[in-house]
Amino acid sequence: MPEKRMLIVDAEVARKVDENRGDMNRSDFINFLIGSCLKEGSEKQNYITKEEFSQFQQGTRELLRNFLEFFISYGLELGKQPKDGAFDELSQKLQTLGSSGSQAKDP
């Protein structure tokens, strides 16, 4: 039989344990909480690194550039020529995205 010890905690802590433990006994619930906190600390990050964010940003720019290229080329293949400056504006934005993506890759 395992050795048992008494743990004295504030009444508020004991109330929170009782409210949240469900069908578990207090000892099992506290053991579960300790185990999950220790496991989470070693396996899970609640943040991303600067490099991961930069890669995400570059990927998003590349996706947007590909998206614009597709729709511009799709519109040109259908033979619909834009009547206003929308094509020129989109083309300029596409060039800007392409140049900002290459600048970020070549520091």
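It should be emphasised that the depicted structure is a prediction, and the values quoted were computed from it without experimental measurement.

**Looking at the layout of surface pockets**
Rolled over the atoms, a probe with the dimensions of a water molecule shows which regions are left empty. Reported here for the largest pocket is a volume of approximately 310 Å³. Contributing to the lining of the largest pocket are Arg5, Met6, Leu7, Val9, Val13, Ala14, Val17, Arg26, Ser27 and Ile30. Of all the secondary-structure elements, those providing two or more residues to the lining of the largest pocket are α1 (11-20) and α2 (26-43). Of the residues in the lining of the largest pocket, the class split is seven nonpolar, one polar and two charged.

**Considerations on the pattern of salt bridges**
Inspection of the entire model under this criterion finds seven salt bridges. The residue Glu3 makes a salt bridge to Arg5 at a minimum N-O spacing of 2.5 Å. Per residue, the accessibility class of Glu3 equals that of Arg5, and both read exposed. Note that Arg15 and Glu12 form a salt bridge whose closest N and O atoms lie 2.2 Å from each other. Taken as a pair, Arg15 and Glu12 lie in helix α1 at a separation of three residues, close to a single helical turn. Overall, the relative accessible area of 36% leaves Arg15 in the partly exposed class. Linked through salt bridges whose partners overlap, the residues forming this network are Glu12, Arg15 and Glu19.

**As for the side chain of Arg65**
Here Arg65 is to be found in helix α3 (residues 50-77). Among the polar contacts listed, one links the side chain of Arg65 to the side chain of Glu62, at a separation of 2.6 Å. Reaching out from Arg65, the side chain makes a polar contact with the side chain of Glu69 at a distance of 2.6 Å.

Reading the values: the criteria
Residues numbered from 1 in each chain as written. Predicted model: local features only at pLDDT ≥ 70, side-chain atom pairs only at ≥ 80, totals over all residues. Heavy atoms only, no water. 1 Å grid on protein atoms, 1.4 Å probe; cavity = no way out; pocket = protein on both sides within 12 Å on 5 of 7 lines; lining within 4 Å. Points joined across faces, edges and corners; volume = space filled by probe spheres on them. Helix = DSSP H or I, 4+ residues; strand = E, 2+ residues; numbered from the N terminus. Nonpolar A, V, L, I, M, F, W, Y, C, P; charged D, E, K, R; others polar. Salt bridge = Lys/Arg side-chain N within 4 Å of Asp/Glu carboxyl O. Buried < 20%, exposed > 50% of the residue type's maximum accessible area, 1.4 Å probe, protein only. Polar contact = N/O pair within 3.5 Å; in protein donor to acceptor, adjacent residues only side chain to side chain.

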